Amino acid sequence: MGQLLFDDEDIINRWKEYIEEPYEGEKQEEITIDEKKTKLPILRSGFELALYELKQNKAPGTDNITAELLQCASMKIKDALYQLTQDIYEKGDVPDDYCKSIIVTIPKKKGANSCKQFRTLSLLTHVSKVLKKNNKSKNRNKRGTVFKK
């Protein structure tokens, strides 16, 4: 059993260490794809569906924007968001804000005092989830066409 920490900076550093542990030594592999053959634009209907399917009553990410706010946004805002999503997808340059999350810890039992006795939640921006859903459906569609006879 480790030592109890009281200093805020020590506690933050321990949580950082604990959360990064599972990813230690993992290599990011570069995947090369013939983009001319595989990169289809994000359809507006797919974007709208991803926006509609965002779960409601969920905590916002680092941008503090809720799914409900995005779903009820004006057409002008949705148009701009669609264009941004399309640009990110085409260029492959994901903004840093899309990769950041807020880590929330919830004790599994009363009196929890070690990292293993907590659940961790990652709160991502809902806008990044729209991009992820579109990417996921595109990859699913690609796999489907590859294996069809």
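Every value quoted in this text rests on a predicted model; they were computed, and no experiment measured them. (Residues numbered from 1 in each chain as written. Predicted model: local features only at pLDDT ≥ 70, side-chain atom pairs only at ≥ 80, totals over all residues. Heavy atoms only, no water.)

### Some remarks on the overall build of the chain
Keep this limit in mind: Put simply, DSSP H or I for four residues or longer makes a helix, DSSP E for two residues or longer makes a strand, and each gets a number counted from the N terminus. We call a residue buried when its accessible area falls under 20% of the maximum for its residue type, exposed when it is over 50%, and partly exposed in between, using a 1.4 Å probe and counting protein chains only. Contacts: residue pairs with any heavy atoms within 4.5 Å of one another.
Within the chain one finds 7 helices and 2 strands. N-terminal to C-terminal, the α/β element order of the chain is α-α-α-α-α-α-β-β-α. Going through the 149 residues of the chain one by one, you find that 21% of them count as buried. Considering only residue pairs separated by 6 or more positions, the chain has 62% of its internal contacts joining residues 24 or more positions apart.

### Notes on the pattern of salt bridges
Applicable threshold: Salt bridges are identified by distance alone: a Lys or Arg side-chain nitrogen within 4 Å of an Asp or Glu carboxyl oxygen.
Evaluation of the coordinates by the stated rule reveals 6 salt bridges. A salt bridge links Glu17 to Arg14; the shortest N-O distance between them is 3.1 Å. Pair noted here: Glu17 and Arg14 are both in helix α1 (residues 8-20), with a separation of 3 residues, about one helical turn. Note on Glu17: relative accessible area 46%, which makes it partly exposed. Put simply, Glu21 and Arg14 hold a salt bridge, and the shortest N to O gap is 3.5 Å.

### Points about the side chain of Lys78
As a reminder, the rule being used: Counting rule applied: Lys, Arg positive; Asp, Glu negative; His and chain ends not counted.
Tracing the chain through its elements places Lys78 in helix α5 (residues 75-91). At 4.3 Å, Glu48 is the nearest oppositely charged side chain to Lys78, a buried residue that forms no salt bridge. Setting aside its immediate chain neighbours within four residues, Lys78 contacts Arg44, Phe47, Glu48, Leu51, Leu70, Gln71 and Ala73.

### Thoughts on the confidence of the model for the chain
Which entries qualify depends on this criterion: pLDDT is defined as a per-residue confidence score from the predictor, taking values between 0 and 100.
For the chain, the average pLDDT comes to 80, and 79% of its residues sit at 70 or higher. Ranking the elements of the chain by mean pLDDT puts helix α2 (residues 35-38) last, at 52, and helix α4 (residues 67-71) first, at 95. Throughout residues 140-149 the model reports pLDDT below 50, and contacts reaching past four residues in sequence, or to other chains, amount to 2 contacts.

### Observations regarding helix α3 (residues 44-52)
Each turn of an α-helix holds 3.6 residues, which means side chains three or four residues apart point in the same direction. For the record, the criterion: Each direction from the helix axis to a C-beta atom contributes to the arc, which is the arc of those directions.
For α3, every residue scored as buried is listed here: Phe47, Ala50 and Leu51. On an axial view of α3, the arc spanned by its buried residues comes to 100 degrees, and they lie on one face. Every exposed residue of α3 that faces more than 90 degrees away from the buried side is listed here: Ser45 and Tyr52.

### Notes on the nonpolar core
To keep things clear, this is the line we draw: Here, nonpolar core refers to any group of buried Ala, Val, Leu, Ile, Met, Phe, Trp, Tyr and Cys residues whose side-chain atoms link them within 4.5 Å.
In terms of nonpolar packing, the biggest core is built from 15 residues, with Phe47 and Leu51 touching the most fellow members. Sorting the residues of this core by element identifies α3, α4, α5 and α7 (126-147) as the ones contributing at least two each. Looking at this core element by element, the count peaks at 4 residues for α5.

### As for a negative patch on the surface
Definition in use: Patch building starts from residues that exceed 30% relative accessible area and form no salt bridge, then joins like charges within 9 Å and nonpolar side chains (Val, Leu, Ile, Met, Phe, Trp, Tyr) within 5 Å. To be clear on the numbers: accessible area is Shrake-Rupley with a 1.4 Å probe, and residue cover counts the displayed protein chains and nothing else. Lysine's charge is taken at NZ, arginine's at CZ, aspartate's at CG and glutamate's at CD.
Side chains of Asp7, Asp8, Glu9 and Asp10 sit close together on the surface and give a patch of like negative charge. Relative to the helices and strands, Asp8 is located in helix α1. Overall, the relative accessible area of 58% leaves Asp8 in the exposed class.

### A closer look at the packing of aromatic side chains
Definition in use: Think of it this way: a Phe, Tyr or Trp ring, Trp meaning its six-membered ring, pairs with another when their centres are within 6.5 Å, and the plane angle makes it stacked under 30 degrees, edge-to-face over 60, tilted otherwise.
For the structure shown, the criterion picks out 3 aromatic pairs. Aromatic pair Trp15 and Phe118: ring centres 5.5 Å apart, planes at 85 degrees, arrangement edge-to-face. Here Trp15, found in helix α1, pairs with Phe118, found in strand β2 (residues 118-123); they are 103 residues apart in sequence, far enough to count as distant. Just as Trp15 is buried, Phe118 falls in that class too. With centroids separated by 5.3 Å and ring planes inclined at 65 degrees, the aromatic side chains of Phe47 and Tyr82 adopt a geometry described as edge-to-face. Placement of the pair is Phe47 in helix α3 and Tyr82 in helix α5, with a sequence separation of 35 residues. The residues Phe47 and Tyr82 share a single accessibility class, namely buried. Grouped by ring-pair contacts, the aromatic residues Trp15, Tyr18 and Phe118 constitute a single cluster.

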